[in-house]
Amino acid sequence: MADTELTGAEIVVRCLAAEGVEHVFGYPGGAVLNIYDEIYKQDRFQHILVRHEQAAVHAADAYSRSTGKVGVALVTSGPGATNAVTGIATAYMDSIPMVVVTGQVPTAAIGMDAFQEVDTVGITRPCVKHNFLVKDVRELAETMKKAFYIAASGRPGPVVVDIPKDVTQHSCAFHYPETISMRSYNPTSKGHAGQIKRAVQMLLEAKRPVIYTGGGVILGDAAAQLTELARLLGYPVTNTLMGLGGYPSPDPLFLGMLGMHGTIEANMAMQHCDVLLAVGARFDDRVIGNPKHFQKEARKIIHIDVDPSSISKRVKVDVPIVGDVGHVLAEIAKFAQAADHGPDQEALKAWWAQIELWRSQDCLKYDRASPLIKPQYVIEKLYEVTQGDAFVTSDVGQHQMWAAQYYKFAKPRRWINSGGLGTMGFGLPAAMGVQMAHPGAPVACITGEGSIQMNIQELATCKQSNLPIKIILLNNGYLGMVRQWQEFFYEERYAESYVASLPDFVKLSEAYGHVGMRIEKPEDVEPALRRAFGEYKDQLVFMNFLTDPRENVYPMIPAGKGLSEMILI
Amino acid sequence: MRHIISIMMENEAGALSRVAGLFSARSYNIESLTVAPTEDASLSRMTIVTRGSDEVLEQITKQLNKLIDVVKMQDLSDGDHIERELMLAKVKATGEHREEMKRIADIFRGRIIDVSDKTYTIELTGTGAKLDAFLEAIDPVAIMEVVRTGTSGIGRGDRVLKI
Ligand SMILES: Cc1ncc(C[n+]2csc(CCOP(=O)(O)OP(=O)(O)O)c2C)c(N)n1
């Protein structure tokens, strides 16, 4: 077949279609007008017009988190690109596969301080998996192919493709490569067999085992393999904030989330285990706290990760296994099943007895008799009303931690939050991306009055694109997480953490054409949620829950402390 | 410990800044960095001299390998290798300095490659330590200008870095 001559703009659109892209989140501007003109003419994918480029990138990111596909965002040069940076960094920190196409000034204008020129490749370099500046239309199709390939393979991440305006005008023969191979990039997929056997042996000899898993299990679609292995061995499992849903939370083997706001049983088991199987997790500061304290107890560590640089970065590992986590977990299960002996049942029984003792402290208890709405209660009711099966996005702060602690995620890709960068303003645009990917599915955005105001303009996008998101605002009147730190560590000097002059959120929602509710009493929580997910199923409902302003997130490990140094309620 | 890392990377615009950016973002130390294309114009070869504990070096190696443009790399200090640096030193060559400079340059097997009535420009190659030793051997007040390339390195014998 003879290759047809197409313009760069047509090529961009054809490449996206060839990649099977169905949704592109974006915002137009001068440098991308040619691309937008081609979008206008095509019907292969839908473009969702946001109200701020940061939101386009978060939406594309969450679209990916909830589906496993590569998210796509399109923004213009200069301010379009700089507005996108927070979104790109957010995706980078959580290893989310995404392609962000940015417009650039014409090649001849680059370096001339042209109108709306920024060095996008330079600005984004530290927060992308890779980026490209396409200076010749003949390289465009192959670059797009590489971008999708790099974004999705190995340890995933965002890739930026910066395209000067003249490149979108020039034309050349179009051919989209079906596959691509790069001599400089060959991610490992299969784990080393010898290491896997060593791991199995170590696991079967364990007296106090723990399986600790992170976002890598979600990204690697390995929840089934993890569940099978954990049940085969009968070993306790804990998930990081990013790993929730990797193992079904309601299951008795599940110890809850670990880390700064993890449960007693998860943190103590992590600290006192003798064999630790770490899967797609990176021992970061919010998870193990102080690495010196963590290393005070002797334990053997097996670490499975697709990215070798995650291994032995903060904590020395005994058995490193680089590879696709799902594949390696399945291999471990296979060898464990074939082994001549199973786990040490007696030791395991004693270990579980110890864990149950920690668990019996019921560290997530809270005052259920309070006349004020407790934020934890709202999440519990949300869990009940949605039968644990909603997609839940969140912003950053106390509400995020309560969502993680009290919504018992049973499936992967249901819990969507900015764990690595901790980006306030993520929640609402993320919910848009999720709802676009899953029309008809219940999508809840749990947020705070600080966070929601960081991207509140997206209520207009939700109206335009008919996105019936349920916004659960846990309104404590404070930048709650900041207030909590000030209460604990700054002798209650609440510097700038009280958010005065809140808008009337009900009126605001109505002004955008949505349903608004204000809920002030505990007994009104459940009925409000039922109406939102029932009667108003097809509309965006903004629920402003006035919650106890002084509630704190417990347990808490102060920054720099160790796993067993929790502050309890 | 001091390490010499040799990197073969795609000769693409921006490749150098990816490596330099990685070192600054993760606060790894760079003592010197040299880069130039190779006999294969699509590849460039970079030599970085850095210092760090074994753990830091392990991370540096892994992070460099993670850069998409890096085709291959090697820690030359892991085995037998040769390292060389080129220095151009402009020194005062008046009065008693004139003879003295020539004598020291000879001892270090340097070559005087430019002469004026007041100055010599001396070319010297060797390990970084040898160049340091030369600078220590001459009278510091005589030094007018020093330009060093930074270290380049290569494995000994049949130890090669090739794709
Ligand atoms: C963009 C951004 N700016 C600042 C912060 C620091 N920060 C973390 S939590 C928090 C308070 C969040 O307040 P709110 O959204 O009201 O949630 P709450 O903690 O009250 O539940 C702040 C300011 C952040 N994470 N992101």
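Engineer: Can you tell me about the nonpolar core, naming the residues and giving the values?
Structural biologist: Residue and element names in this part refer to chain A. Membership of the largest hydrophobic core comes to 101 residues, with the highest contact counts inside it found for Phe 283 and Ile 472. Both domains that furnish three or more residues to this core are identified here as domain 2 (193–359) and domain 3 (375–546). What Phe 283 contacts, discounting residues up to four positions off in sequence, is Tyr 212, Met 270, Leu 276, Ala 278, Ile 288, Phe 294, Ile 301, His 303, Arg 314 and Val 315. Core analysis: the second largest hydrophobic core is formed by 45 residues, Ala 55, Ala 84, Ile 416 and Leu 467 among them.

Engineer: Any chance you could break down unusual backbone geometry for me, citing the residues and the numbers?
Structural biologist: All names here are of chain A. Note that the residue after Tyr 554, namely Pro 555, is joined by a cis bond; omega there is -10°. Looking at where Pro 555 falls in the secondary structure, it is placed in the segment after strand E20 (541–546). Phi is positive for Asp 221, close to 50°, though the residue is something other than glycine. Position of Asp 221 among the secondary structure elements: in the loop between helix H9 (215–219) and helix H10 (223–233).

Engineer: Describe the sheet that holds strand E3 (residues 46–49) of chain A, naming the residues involved and giving the relevant values.
Structural biologist: All names here are of chain A. As summarised here, the arrangement of the 6 strands in space is E3-E2-E4-E5-E7-E6, forming an open sheet in which the pairing is parallel. Strands at the two margins of the open sheet, each flanked by one partner only, are E3 and strand E6 (130–133). Strand-to-strand, the axes of this sheet are offset by a mean angle of 20°, without reference to chain direction. Direction of pairing for strand E5 (residues 98–104) relative to strand E7 (residues 158–164): parallel, over a ladder of 7 bridges. By the bridge assignment, Val 101 is partnered in E7 with Val 161. Set on the sheet, helix H4 (residues 79–93) makes contact with strand E4 (71–75), E5 and E7; between it and E5 the angle comes to about 165°.

Engineer: Explain helix H17 (residues 398–406) of chain A to me, and be specific about the residues and the numbers.
Structural biologist: Among the 9 residues that make up H17(A), 9 are buried, leaving the element largely enclosed by the rest of the structure. Inspection of H17(A) places Gln398(A), His399(A), Gln400(A), Met401(A), Trp402(A), Ala403(A), Ala404(A), Gln405(A) and Tyr406(A) among the buried residues, and these make up the whole buried set.

Engineer: Describe the pattern of salt bridges, listing the residues and the values that go with them.
Structural biologist: Residue and element names in this part refer to chain A. Within this structure, the stated rule accounts for 43 salt bridges over all chains. The salt bridge involving Lys 521 is made with Asp 524; its shortest N-O contact spans 4.0 Å. Owing to a relative accessible area of 32%, Asp 524 belongs among the partly exposed residues under this scheme. Each of the salt bridges in this network shares a partner with another, and the network as a whole consists of Lys 381, Glu 384, Glu 526 and Arg 530.

Engineer: Lay out the packing of aromatic side chains with the relevant residues and their values.
Structural biologist: Residues and elements named next belong to chain A. Scanning the entire structure with this criterion turns up 19 aromatic pairs over all chains. Look at Phe 25 and Tyr 63: their rings are 5.9 Å apart centre to centre, the planes differ by 65°, and that puts the pair in the edge-to-face class. Taken together, the residues span a long stretch of sequence, with Phe 25 in strand E2 (residues 23–26) and Tyr 63 in helix H3 (residues 53–67) at a distance of 38 residues. Both residues of the pair, Phe 25 and Tyr 63, belong to the buried class. For the pair Tyr 478 and Tyr 498, a centre-to-centre distance of 5.4 Å together with 65° between the ring planes defines the contact as edge-to-face. One end of the pair, Tyr 478, is in the loop between strand E18 (470–475) and helix H21 (480–489); the other, Tyr 498, is in the loop between H21 and helix H22 (505–511), with 20 residues separating them in the sequence. Through pairs of rings, three or more aromatic residues link up here, namely Tyr 383, Tyr 407, Phe 409 and Trp 415. Arg 299 extends its terminal NZ or CZ atom over the ring of Phe 294, reaching a point 3.7 Å from the ring centre.

Engineer: So what's going on with the sheet that holds strand E10 (residues 237–239) of chain A? Residues and values would help.
Structural biologist: Residues and elements named next belong to chain A. Strand order across the open sheet formed by 6 strands is E11-E10-E9-E12-E13-E14, with parallel pairing between neighbours. Strands with a single pairing partner mark the edges of an open sheet, and in this sheet they are strand E11 (254–257) and strand E14 (319–322). Mean inter-strand twist for the sheet, computed between neighbouring axes without regard to direction, equals 15°. One ladder, built from 3 bridges, connects strand E9 (residues 209–213) with E10; its direction is parallel. The residue bridging Ile 211 from the neighbouring strand is Val 237, located in E10. Contacts from helix H14 (residues 325–338) reach strand E12 (275–279), strand E13 (300–305) and E14 within the one sheet, and its direction differs from that of E13 by about 135°.

Engineer: Before we move on, could you go through the pairing of E18(A) and cite the residues and values that matter?
Structural biologist: Where a strand is regular, its side chains alternate between the two sheet faces. Residues and elements named next belong to chain A. Within E18, 6 of the 6 residues are buried, which leaves the element mostly enclosed by the surrounding structure. Residues Lys 470, Ile 472 and Leu 474 of E18 are buried on one face, and the alternating residues Ile 471, Leu 473 and Asn 475, pointing to the opposite face, are buried as well. The pairing of strand E17 (residues 443–447) with E18 spans 4 bridges and is classified as parallel. Directly across from Cys 445, in E18, lies its bridge partner Ile 471. For E18 and E20, the ladder comprises 6 bridges, and the chain directions are parallel. Each residue of the ladder has a partner; that of Leu 474, found in E20, is Phe 545.

Engineer: Tell me about the site of the ligand, and please be specific about residues and values.
Structural biologist: Residues and elements named next belong to chain A. The immediate surroundings of the ligand are formed by 17 residues, with Gln 398, His 399, Gly 422, Ser 451 and Gly 480 found nearest. Residue Glu 449 places a side-chain N or O atom 3.2 Å away from an oxygen atom belonging to the ligand. A distance of 3.0 Å separates an oxygen atom of the ligand from a polar atom in the backbone of Gly 450. Here the ligand has 590 Å² of accessible area as a free molecule, and 76% of this is covered by the chains. Those elements that place two or more of their residues in the shell around the ligand are H17, helix H19 (449–452) and H21. Tallied by class, the residues present in the shell around the ligand amount to 7 nonpolar, 9 polar and 1 charged.

Calculation rules
- Residues numbered from 1 in each chain as written.
- Chains lettered and ligands numbered in written order.
- Predicted model: local features only at pLDDT ≥ 70, side-chain atom pairs only at ≥ 80, totals over all residues.
- Heavy atoms only, no water.
- Core = buried A, V, L, I, M, F, W, Y, C linked by side-chain atoms within 4.5 Å.
- Buried < 20%, exposed > 50% of the residue type's maximum accessible area, 1.4 Å probe, protein only.
- Domains from an automatic or database assignment.
- Contact = heavy atoms within 4.5 Å.
- Helix = DSSP H or I, 4+ residues; strand = E, 2+ residues; numbered from the N terminus.
- Pairing = 2+ DSSP bridges.
- Axes fitted to C-alpha atoms, helices over the stretch in contact; angles between N-to-C directions.
- Salt bridge = Lys/Arg side-chain N within 4 Å of Asp/Glu carboxyl O.
- Phe/Tyr/Trp six-rings, centres within 6.5 Å; stacked < 30°, edge-to-face > 60°.
- Lys NZ or Arg CZ within 6 Å of the ring centre and 35° of its normal.
- Near = heavy atom within 4 Å.
- Polar contact = N/O pair within 3.5 Å; in protein donor to acceptor, adjacent residues only side chain to side chain.
- Areas by Shrake-Rupley, 256 points an atom, 1.4 Å probe, with all protein chains shown as cover.
- Nonpolar A, V, L, I, M, F, W, Y, C, P; charged D, E, K, R; others polar.

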